[in-house]
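So the chains spell out like this:
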Amino acid sequence: MTLSIRPATPADLPLIAQFIRDLADYEKLAHEVRFDEAKLGEKLFGPRPYAEVLIGEIDGSPQGFALFFHNFSTFEGKPGIYLEDLFVRPEARGSGLGKALLAHLAKLCVERDCARLEWSVLDWNDPAIGFYKGLGAKLMDEWTVMRVDGDALTALAKV
């Protein structure tokens, strides 16, 4: 079995869209998926890409992905990488592909002089939490994620 990680290309857009849908199904959030595939492609591969995507393959067959973007640590004075989505197809779990995707992101962090690699995990996802802890990740219990979206976002923008 050969694991490989490669940057996504515009030709991968339908695959990325399917991985996002599959992840949403797994997380019981399929009802939250609202993207337009063409607009997603523009945001990922257009003149100003907002995120990057890695495709994880087993023996040349795409089995997972990682979508990430840069953030910035003011305390460190350095960028970081925020992993928005990591997904490995159920039949490929246990192959080492998830670990390979995270290791690739860690290498990018080192190459790009980033201070850290961060992501969120649903609190009910014990298998993922255990997997991440096994890689040396720590829970940031003292932080609470905040979000403004939808009508609240529109209202705030008008202030």
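Residues numbered from 1 in each chain as written. Predicted model: local features only at pLDDT ≥ 70, side-chain atom pairs only at ≥ 80, totals over all residues. Heavy atoms only, no water.

Draft legend 1. Just the overall build of the protein chain, in detail. When its secondary structure is counted, the protein chain shows five helices and five strands. Ordered by position from the N terminus, the helices and strands of the protein chain form the series β-α-α-β-β-β-α-β-α-α. In terms of overall dimensions, the protein chain is globule-like: its C-alpha atoms have a radius of gyration of 16 Å, near the 15 Å expected for 159 residues. The C-alpha extent of the protein chain, read off along each of the three principal axes, is 55 × 35 × 35 Å. Across the 159 residues of the protein chain, 31% fall into the buried class. Within the protein chain, contacts between residues separated by at least 24 positions form 58% of all contacts whose residues are at least 6 apart in sequence. (Helix = DSSP H or I, 4+ residues; strand = E, 2+ residues; numbered from the N terminus. Rg over C-alpha atoms; globule rule 2.2 N^0.38 Å. Buried < 20%, exposed > 50% of the residue type's maximum accessible area, 1.4 Å probe, protein only. Contact = heavy atoms within 4.5 Å.)

Draft legend 2. Looking closely at unusual backbone geometry. Positive phi, normally seen in glycine, also occurs at lysine 28, with a value near 60°. Position of lysine 28 among the secondary structure elements: in the loop between α1 (13–26) and α2 (37–45). Residues other than glycine seldom take positive phi values, yet aspartate 113 does so here, at roughly 55°. Assignment of secondary structure puts aspartate 113 in the loop between α3 (97–111) and β5 (117–119). The class for aspartate 113 is partly exposed, based on a relative accessible area of 45%.

Draft legend 3. Representation of the sheet that holds strand β3 (residues 61–73). The five strands lie next to each other as β1-β2-β3-β4-β5, forming an open sheet whose pairing is mixed. The open sheet has two edge strands, β1 (3–7) and β5, and neither has a second partner. Within the sheet, the average angular offset between the axes of one strand and its neighbour, ignoring direction, is 30°. Summarising the sheet, strand β4 (residues 78–88) and β5 pair through three bridges and their orientation is parallel. (Pairing = 2+ DSSP bridges. Axes fitted to C-alpha atoms, helices over the stretch in contact; angles between N-to-C directions.)

Draft legend 4. Region of the structure containing a nonpolar patch on the surface. Side chains of Tyr26, Leu29, Leu122 and Trp124 sit close together on the surface and give an oily, nonpolar patch of about 310 Å² of accessible area. Among the residues examined, tyrosine 26 registers a relative accessible area of 31% and is labelled partly exposed. (Patch = residues over 30% accessible without salt bridge, like charges linked within 9 Å, V, L, I, M, F, W, Y side chains within 5 Å. Areas by Shrake-Rupley, 256 points an atom, 1.4 Å probe, with all protein chains shown as cover. Salt bridge = Lys/Arg side-chain N within 4 Å of Asp/Glu carboxyl O.)

Draft legend 5. Representation of the packing of α1 against α2 in the model. Packing of α1 against α2 leaves a shortest axis separation of 10 Å and a crossing angle of 110°. Looking at the two axes, α1 sits roughly perpendicular to α2. Side by side, α1 and α2 meet where Leu13, Pro14, Ile16, Ala17, Ile20 and Arg21 of the first sit next to Glu37, Leu40, Gly41, Leu44 and Phe45 of the second. Split into classes, the residues belonging to the contact of α1 with α2 amount to eight nonpolar, one polar and two charged. (Parallel < 35°, antiparallel > 145°, perpendicular 65-115°, else oblique. Nonpolar A, V, L, I, M, F, W, Y, C, P; charged D, E, K, R; others polar.)

Draft legend 6. Expanded view of the packing of aromatic side chains. Under the counting rule described, the total for this entry stands at six aromatic pairs. Ring centres of phenylalanine 69 and tyrosine 82 lie 5.4 Å apart, and the angle between their planes is 35°; this geometry places the pair in the tilted category. Here tyrosine 82 lies in strand β4 and phenylalanine 69 lies in strand β3, a separation of 13 residues in the sequence. For phenylalanine 69, a relative accessible area of 27% translates into the label partly exposed. Seen in terms of ring centroids, tryptophan 119 and tyrosine 132 are 5.0 Å apart; in terms of plane orientation they differ by 65°. Their pairing is edge-to-face. (Phe/Tyr/Trp six-rings, centres within 6.5 Å; stacked < 30°, edge-to-face > 60°.)

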